[in-house]
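Spelled out from the first residue to the last, the chains are:
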Amino acid sequence: MRAVVIEQAGLPTSVEELLIDEPREGEVAVRMTASGVCHSDLHVRDGEWPRPGPIILGHEGAGIVDAVGPGVTTLRPGQQVVLTWYYPCLRCRNCQEGRQWICTGSRSLQHRAADGTSRARRADGSSVLAYLSIGTMAERAVVPADAAIPIPDAVAPEVAALIGCCVSTGVGAVLKTADVPAGASVVVFGLGGVGLSVVMGAVLAGATRIVAVDRVAAKLDMAAEFGATHLVQASDPDATVSAIREAAGPDGIDFAFEAIGLTSTVEQAIAVLPPGGTAVLVGMTPVGQRASFDVFPFVDGSRRIIGSNYGFAVAANDFPLYADLHLAGRLPIDRLVEATIGIDDVEDAFDRMRRGEGLRRVIRF
Ligand code: APR
Ligand code: ZN
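Note that the structure is predicted; figures quoted are calculated from it, not measured.

Visitor: Please provide a residue-by-residue account of the overall build of the protein chain, values included.
Guide: A count of helices and strands for the protein chain gives ten helices and 19 strands. Taken over C-alpha atoms, the radius of gyration comes to 20 Å for the protein chain, in line with the 21 Å a tight globule of 365 residues would show. Projected onto its principal axes, the C-alpha positions of the protein chain cover 60 × 40 × 35 Å. The long-range fraction of contacts in the protein chain, counting pairs at least 24 apart against all pairs at least 6 apart in sequence, stands at 71%. Of the accessible surface of the protein chain, which amounts to about 14500 Å², a share of 50% is contributed by carbon and sulfur atoms. Between the averaged position of the 31 positive side-chain charges in the protein chain and that of its 42 negative side-chain charges there is a distance of 4 Å.

Visitor: So what's going on with the nonpolar core? Which residues, and what values?
Guide: Residues Leu83, Val143, Val180, Phe257, Ile333 and Leu336 are the most contacted members of the largest nonpolar core, which totals 98 residues. At twelve residues, helix α3 (residues 157-178) tops the list of elements feeding residues into this core. Counting residues in each nonpolar core, the second largest holds 18 residues, with Val211, Ala256, Ala269 and Phe298 among its members.

Visitor: Could you give an account of the coordination of the zinc ion (ligand 2), naming the residues involved and the relevant values?
Guide: Within the protein, the zinc ion (ligand 2) binds to Cys38 (SG), His59 (NE2) and Cys165 (SG); these donor distances fall in the range 2.0 to 2.2 Å. As a motif over one chain, the donors of the zinc ion (ligand 2) read C-x20-H-x105-C. Of this pair, His59 sits in the loop between β5 (55-56) and β6 (61-68) while Cys165 sits in helix α3, and the two are 106 residues apart along the sequence.

Visitor: If you had to explain the environment of Val180 to someone new, which residues and values would you point to?
Guide: By the secondary structure assignment, Val180 is in the loop between α3 and β12 (185-189). Through-space distance from the C-alpha of Val180 to that of Gly206 is 8.3 Å; in sequence the pair is 26 residues apart. The residues contacting Val180, other than those within four sequence positions of it, are Val174, Val186, Ala205, Ala207, Phe255 and Phe257.

Visitor: Tell me about the pairing of strand β13 (residues 209-214), and name the residues and values.
Guide: Taking burial as the measure, the six residues of β13 include five buried ones, the bulk of the element. Pairing analysis gives five bridges linking β12 to β13, with the strands arranged parallel. In the strand pairing of β13, Val187 is matched with Val211. On the question of chirality, the crossover connecting β12 to the parallel β13 by way of helix α4 (residues 193-205) is right-handed. Where β13 lies against strand β14 (residues 230-233), four bridges are found, and the strand directions are parallel.

Visitor: Can you tell me about the packing of helix α6 (residues 237-248) against helix α7 (residues 263-271), naming the residues and giving the values?
Guide: As a packed pair, α6 and α7 sit with axes 10 Å apart at the nearest point and diverge in direction by 35 degrees. Considering the relative orientation of α6 and α7, their crossing is right-handed. Contacts between α6 and α7 pair Pro237, Thr240, Val241 and Arg245 from the former with Ser264, Gln268 and Ala271 from the latter. Class assignment of the residues belonging to the contact of α6 with α7 gives a composition of three nonpolar, three polar and one charged.

Visitor: Quick rundown of the sheet that holds strand β15 (residues 255-258)? Include the residues and the values.
Guide: Strand order across the open sheet formed by six strands is β14-β13-β12-β15-β16-β17, with parallel pairing between neighbours. The outermost strands of the open sheet, each flanked by one partner alone, are β14 and β17 (304-307). Neighbour-to-neighbour, the strand axes of this sheet turn through a mean angle of 15 degrees, independent of strand direction. Relative to strand β16 (residues 278-281), β15 is paired through four bridges, and the arrangement is parallel. Pairing of Phe257 across the sheet is with Val280, part of β16. Together, β12, β13 and β15 form the strand contacts of α4, whose direction differs from that of β12 by roughly 170 degrees.

Visitor: Outline the pattern of salt bridges, listing residues and values.
Guide: Counted according to the given criterion, the structure contains 21 salt bridges. As a salt-bridge pair, Arg99 and Glu97 come within 3.0 Å of each other at their nearest N and O atoms. For Lys176, the salt bridge identified is with Asp318, shortest N-O distance 2.5 Å. Remark: Asp318 occurs in helix α9 (residues 315-327) and Lys176 occurs in helix α3; sequence separation between them is 142 residues. By relative accessible area, which is 29% here, Lys176 ends up partly exposed.

Visitor: Describe the packing of aromatic side chains, with residues and values.
Guide: If you walk through the whole model with that rule in mind, you get five aromatic pairs. Members of the aromatic cluster, connected to one another through ring pairs, are Trp85, Tyr86, Tyr310 and Phe319. Across from the ring centre of Phe226, 5.0 Å away, lies the NZ or CZ of Arg335, which sits over that ring.

Scoring rules and cut-offs
- Residues numbered from 1 in each chain as written.
- Chains lettered and ligands numbered in written order.
- Predicted model: local features only at pLDDT ≥ 70, side-chain atom pairs only at ≥ 80, totals over all residues.
- Heavy atoms only, no water.
- Helix = DSSP H or I, 4+ residues; strand = E, 2+ residues; numbered from the N terminus.
- Rg over C-alpha atoms; globule rule 2.2 N^0.38 Å.
- Contact = heavy atoms within 4.5 Å.
- Areas by Shrake-Rupley, 256 points an atom, 1.4 Å probe, with all protein chains shown as cover.
- Lys, Arg positive; Asp, Glu negative; His and termini not counted.
- Charge placed at Lys NZ, Arg CZ, Asp CG, Glu CD.
- Core = buried A, V, L, I, M, F, W, Y, C linked by side-chain atoms within 4.5 Å.
- Buried < 20%, exposed > 50% of the residue type's maximum accessible area, 1.4 Å probe, protein only.
- Donors = N, O, S within 2.8 Å, 3.2 Å for Na, K, Ca; no water.
- Pairing = 2+ DSSP bridges.
- Right-handed = clockwise from strand over helix to strand, strands pointing away.
- Axes fitted to C-alpha atoms, helices over the stretch in contact; angles between N-to-C directions.
- Left-handed = near helix turned anticlockwise from the far one by under 90°.
- Nonpolar A, V, L, I, M, F, W, Y, C, P; charged D, E, K, R; others polar.
- Salt bridge = Lys/Arg side-chain N within 4 Å of Asp/Glu carboxyl O.
- Phe/Tyr/Trp six-rings, centres within 6.5 Å; stacked < 30°, edge-to-face > 60°.
- Lys NZ or Arg CZ within 6 Å of the ring centre and 35° of its normal.

As structure tokens, then:
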């Protein structure tokens, strides 16, 4: 199979021909149909997050179940599935209490199968890891059965792929992490696949004031099409914060979502909050960075900061829900897809993403 591989974090990708094993106990083989190019892949590509290698990139993908390993009763060949990049162990305390997004037993962060090995290898026999245990930028993926979530066939492959990361991360941050009520005012920093999904989630939740912020003007136009009510083009931090305060009206912002992963915009998301406001941190910074805020007014005004990993996703429940909302016309996920691309075009997609250009580019296999 062909796959997008990096030798180690920080080096360019190359498309390689790899071998992949059949699924073992508790695993399924998925013939991939689509994989989005997400900023988290770019963080790895650019060496901002240390990761082992060689590794198959990609963690936002969908496909068709091709074969099931021994003991798998929940899936059958031919089903369309979305892959979750944080498959749950279902046994740790967090899983047992329904907080799978902070499962402590998953092997996802080791980029390996549940038994600690990997299924892909080079012709010389050396093994190749799969990013977050799924490595979706490949023609085939062998994954734990709990990482493959069935969704209706009527969902287009590129839409299905985006449910696997940016949609769940952004929509879930609004509906699950923050539980935004109807009538709320929100601001969203960053209008990539994640930030525009926050806008979609805010519309779905009935937020009446949705302030969208990006440094790229074309992204603001996109946000307006998704339902943003006020647009702020980011400039220096103080000017951006005042423009947001003005757009927020007399009651101010109830929820500020940071969907970029920059310490400067994290600090702005905290700075725009009125008393009682909540900052929801969704974007991931390079590892090791710190942000700061004025402690006295923060405490005095009973403000809150919440970290939101994967939109608090319980994949088996939430992926089919987001798929159904899309089919019902209430989540226009298809409009996030700027273009479908080939497996050889990933470096070009990364270049565009670094410049903040365009929306999601999705590999079709
Ligand atoms: N101020 C405002 N907007 C900015 C700034 C800034 N200083 N810097 C970048 N942006 C905008 C870009 O123009 C772009 O529209 O932020 C957006 C980021 O979008 P993408 O690069 O497409 O990123 P996305 O895939 O949406 O991920 C966002 O969430 O999960 C994390 O790792 C992911 O940290 C990343 C974040
Ligand atoms: Zn992602």
